[in-house]
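# Observations on chain architecture
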Amino acid sequence: NKTPPPIDLKKIKETIKLVRNAVGPDFEILLDVGCRCKDIKEAKELADFALGSNVGFIEEPLPREMQLYTDFIASTEIKIATGEAFFSSEQFDIWASNNAIDIFQPDTNLVGMRQGIKIFSLAEKHNKKVVLHNWANAISNFSNIHLAAAMGCGYIESSIVYNPFRENIVISPILPTGGKIDLKNEPGLGCSLNENILT
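What you see is a predicted model; the values in this text were computed from it and never measured.

### A word on the nonpolar core
Residues Leu 31, Leu 46, Ile 58 and Phe 104 are the most contacted members of the largest nonpolar core, which totals 38 residues. Counting residues per element, the ones that place at least two in this core are helix 1 (9-23), strand 1 (29-32), helix 2 (40-52), strand 2 (55-59), helix 3 (66-75), helix 4 (89-97), helix 5 (108-125) and helix 6 (138-151). Every residue in contact with Leu 46, bar those within four places of it in the chain, is listed here: Leu 9, Ile 12, Leu 31, Val 33, Cys 37 and Ile 58. Residues Ala 138, Phe 142, Ile 145 and Val 170 belong to the second largest nonpolar core, which totals 6 residues.

### What to know about the sheet that holds strand 2
Taken in spatial order, the 5 strands make up an open sheet running 1-2-3-4-5, and their pairing is parallel. Unpaired on one side and paired on the other, strand 1 and strand 5 (129-130) mark the two borders of the sheet.

### Overview of the pairing of strand 1
Both faces of the sheet carry side chains from a regular strand, because those side chains alternate between them. Only one face of strand 1 is buried: it carries Ile 29 and Leu 31, and the other face, with Leu 30 and Asp 32, is open. Alignment of strand 1 against strand 2, held across 4 bridges, turns out to be parallel. Bridge pairing in strand 2 places Ile 29 opposite Val 55. As a crossover connection, the stretch from strand 1 through helix 2 into strand 2 is right-handed.

### Focus: the packing of helix 4 against helix 5
The interhelical angle for the contact between helix 4 and helix 5, taken along N-to-C directions, is 15 degrees, at an axis separation of 9 Å. In terms of axis orientation, helix 4 runs roughly parallel to helix 5. Between helix 4 and helix 5 lies a crossing whose hand is right-handed. Listed contacts from helix 5 to Ser 89, Glu 90, Phe 92 and Asp 93 of helix 4 are Gln 115, Lys 118, Ile 119, Leu 122 and Lys 125. Taken together, the residues of the contact of helix 4 with helix 5 sort by class into 3 nonpolar, 2 polar and 4 charged.

### Points about the pairing of strand 3 (residues 79-82)
Across 3 bridges, the pairing between strand 2 and strand 3 is parallel. Considered in strand 3, the bridge of Ile 58 is made with Ile 80. Crossover connection from strand 2 via helix 3 to parallel strand 3: handedness right-handed. Judged from the 2 bridges that link them, strand 3 and strand 4 (residues 103-104) form a sheet pairing that is parallel. Bridge assignment links Thr 82 to a residue of strand 4, and that residue is Phe 104.

### Some points on the side chain of Asn 144
Structurally, Asn 144 can be placed in helix 6. According to the relative accessible area criterion, Asn 144 is buried, its value standing at 0%. Excluding its chain neighbours within four sequence positions, the residues that come into contact with Asn 144 are Asp 107, Thr 108, Leu 132, His 133, Asn 134 and Ile 156.

What counts, and where the lines are drawn
Residues numbered from 1 in each chain as written. Predicted model: local features only at pLDDT ≥ 70, side-chain atom pairs only at ≥ 80, totals over all residues. Heavy atoms only, no water. Core = buried A, V, L, I, M, F, W, Y, C linked by side-chain atoms within 4.5 Å. Buried < 20%, exposed > 50% of the residue type's maximum accessible area, 1.4 Å probe, protein only. Helix = DSSP H or I, 4+ residues; strand = E, 2+ residues; numbered from the N terminus. Contact = heavy atoms within 4.5 Å. Pairing = 2+ DSSP bridges. Right-handed = clockwise from strand over helix to strand, strands pointing away. Axes fitted to C-alpha atoms, helices over the stretch in contact; angles between N-to-C directions. Parallel < 35°, antiparallel > 145°, perpendicular 65-115°, else oblique. Left-handed = near helix turned anticlockwise from the far one by under 90°. Nonpolar A, V, L, I, M, F, W, Y, C, P; charged D, E, K, R; others polar.

Written out as structure tokens, the structure reads:
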């Protein structure tokens, strides 16, 4: 995150156009930039294009510095998501109080369940949405999905990149089907650990 590779705005714009043409006008595109815009000017160019292409939000367009996000959010109408690296509800509260975040993205892999529930309360206090970050491993995947379901969260991130820690730790990983995730109606996390991997 300290020295991310540069982005190719032209390719990102072309990709957004291709996706928009493929899915139609009603499908909400969400764009993760991974802190890779070099400055607010580059982020603003991307935001203006994304806004005109009906992108729902941009995740982490800039390095994780609160003042950068405060300044950038003041310059654009598109919603900005961040918080995947936060480890406490206080960080979300501070960023929201400084108008440096539009959409909270906690991950129970870092904040745990109690802080996760508190973050949902803070989001309501600040009139913000929550979209859980969800890239780490199969256990936190189950944890994030169950927290989202319990709190009535409509969105959760789901990686399409192969990750052995998400695929192999549990016997039956939760994977989205048709853009939705079905949970079992059973006690606990609803998963069984793969003992062969853990030993």
